[in-house]
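Summary of the model geometry
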Amino acid sequence: MKTIPPGSTIGILGGGQLGRMTALAAARLGYKCHIFCADKNEPAVAVAAAHTLGSFTDRTALEKFASQVNVVTLEWENIPLEALDILSSHAVLHPSIDVLRVAQDRAEEKAFARRIGVDTADFVIVNSAAELSKALEQFPRPCVLKSTRMGYDGKGQVKITAGMSADAAWKDMGAPVGILESFVDFACEISVIVACRADGAMAAYPAVENIHRNHILAETHAPAGIDPAVAKEAEHMARKLAEKLNVVGLLAVEMFVLKQPNKNGQRLLMNEIAPRPHNSGHWTIDACACSQFEQLVRAICGLPLASISPHNRAVMHNLIGDDIQRWPQLLQDPNACLHLYGKTEARPGRKMGHVTYLKGSW
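All of the points below concern the structure found in this document. (Residues numbered from 1 in each chain as written. Predicted model: local features only at pLDDT ≥ 70, side-chain atom pairs only at ≥ 80, totals over all residues. Heavy atoms only, no water.)

1. Side note on the pairing of strand β14 (residues 249-258)
Here β14 lies mainly inside the structure; ten of its ten residues are buried. Looking at chain direction, strand β10 (residues 186-196) and β14 are connected through ten bridges and run antiparallel. Bridge assignment links alanine 195 to a residue of β14, and that residue is leucine 250. Relative to strand β15 (residues 268-274), β14 runs antiparallel, the two sharing six bridges. Following the sheet pairing, valine 253 is matched in β15 by isoleucine 273. (Buried < 20%, exposed > 50% of the residue type's maximum accessible area, 1.4 Å probe, protein only. Helix = DSSP H or I, 4+ residues; strand = E, 2+ residues; numbered from the N terminus. Pairing = 2+ DSSP bridges.)

So this is what it looks like as structure tokens:
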């Protein structure tokens, strides 16, 4: 395992808030960050040592960027594989193309999980409204149709209820390939984030509970209010996925906690994975000895992983759209840790920042 020492430059694909918080954590350890993105007004650009403006189809820009950094990571997994192939031939890339090939496609993601013995909701891949209509004969409603690629924060997802036609659902989903999933009767949604080095060393943060509104993460509660045995099972699932995928960096695993054990006697189903920093890990900045962003830097640079021990319980709230206008009141609360992303335009559904409330000793 090669160590990339402080003073080196970390290349980050994407200029959003995850890149911004990674760059801030990297600077704390003496690293410089170079952002590759399309817009100079992206949040990460303002806090990075350098940036390259370009598209992921611009081979010249990608090669020049790769020549100026010591390691490349990302804040968004949906980078075209062709761009990643170019980058990996010029610089160390973490996570690898093989990891991203799985993480970019919900069908690949769930098939991979099933192959290694991780349970998911029942699913079937559909390529047309006609195939969806046939599949719906086998799936009790309600069920969920998702695009296999690119969907996030509820985009490309349709809940199919009684009376909804396959044609209408297919049109609303709006993608060439879909994955139809059985509806999960869950008690809560949780996630676990694992940091992984190239030599196999891992550190897993405690399971947290996530509350969504309008398909967007609204709150994260740390720790999750679940049975300790289920929390242990969740950590085991996240570690297993990270190990079998050979992740170097971070892997966030979203899971459903079932109200009753399934036919295999398990209480958890994997929902989705993300090989990058995750919104549900923002609380770690203020409530843990080492944040998810610093752990990412340590993992990709071959440094020792730090303690994941939380020193405070915490509740994180996303500031979405006009929520950003509450910043003066939030600063009045001594237990509120405010993080603003520097975005200039507040739009409905846009994450403008977050606030973490510290809730006493862990």
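2. Observations regarding helix α7 (residues 166-173)
Within α7, the full set of buried residues consists of Ala166, Ala169, Trp170 and Met173. The arc that holds the buried residues of α7, viewed along the axis, is 100°, so those residues lie on one side. The outward face of α7, more than 90 degrees from its buried face, is lined by the exposed residues Asp167, Lys171 and Asp172. Buried residues belonging to α7 abut β6 (123-126), α6 (129-135), β7 (143-147), β8 (157-160) and β9 (178-182). Within two residues after α7, glycine 174 carries a phi angle of roughly 70°, on the positive side. (Arc of directions from axis to C-beta. Contact = heavy atoms within 4.5 Å.)

3. Observations regarding the side chain of arginine 276
Topologically, arginine 276 is positioned in the loop between β15 and α9 (284-287). With sequence-adjacent residues up to four places away left out, arginine 276 is seen in contact with Leu18, Leu74, Glu75, Trp76, Glu77, Leu250 and Ala252.

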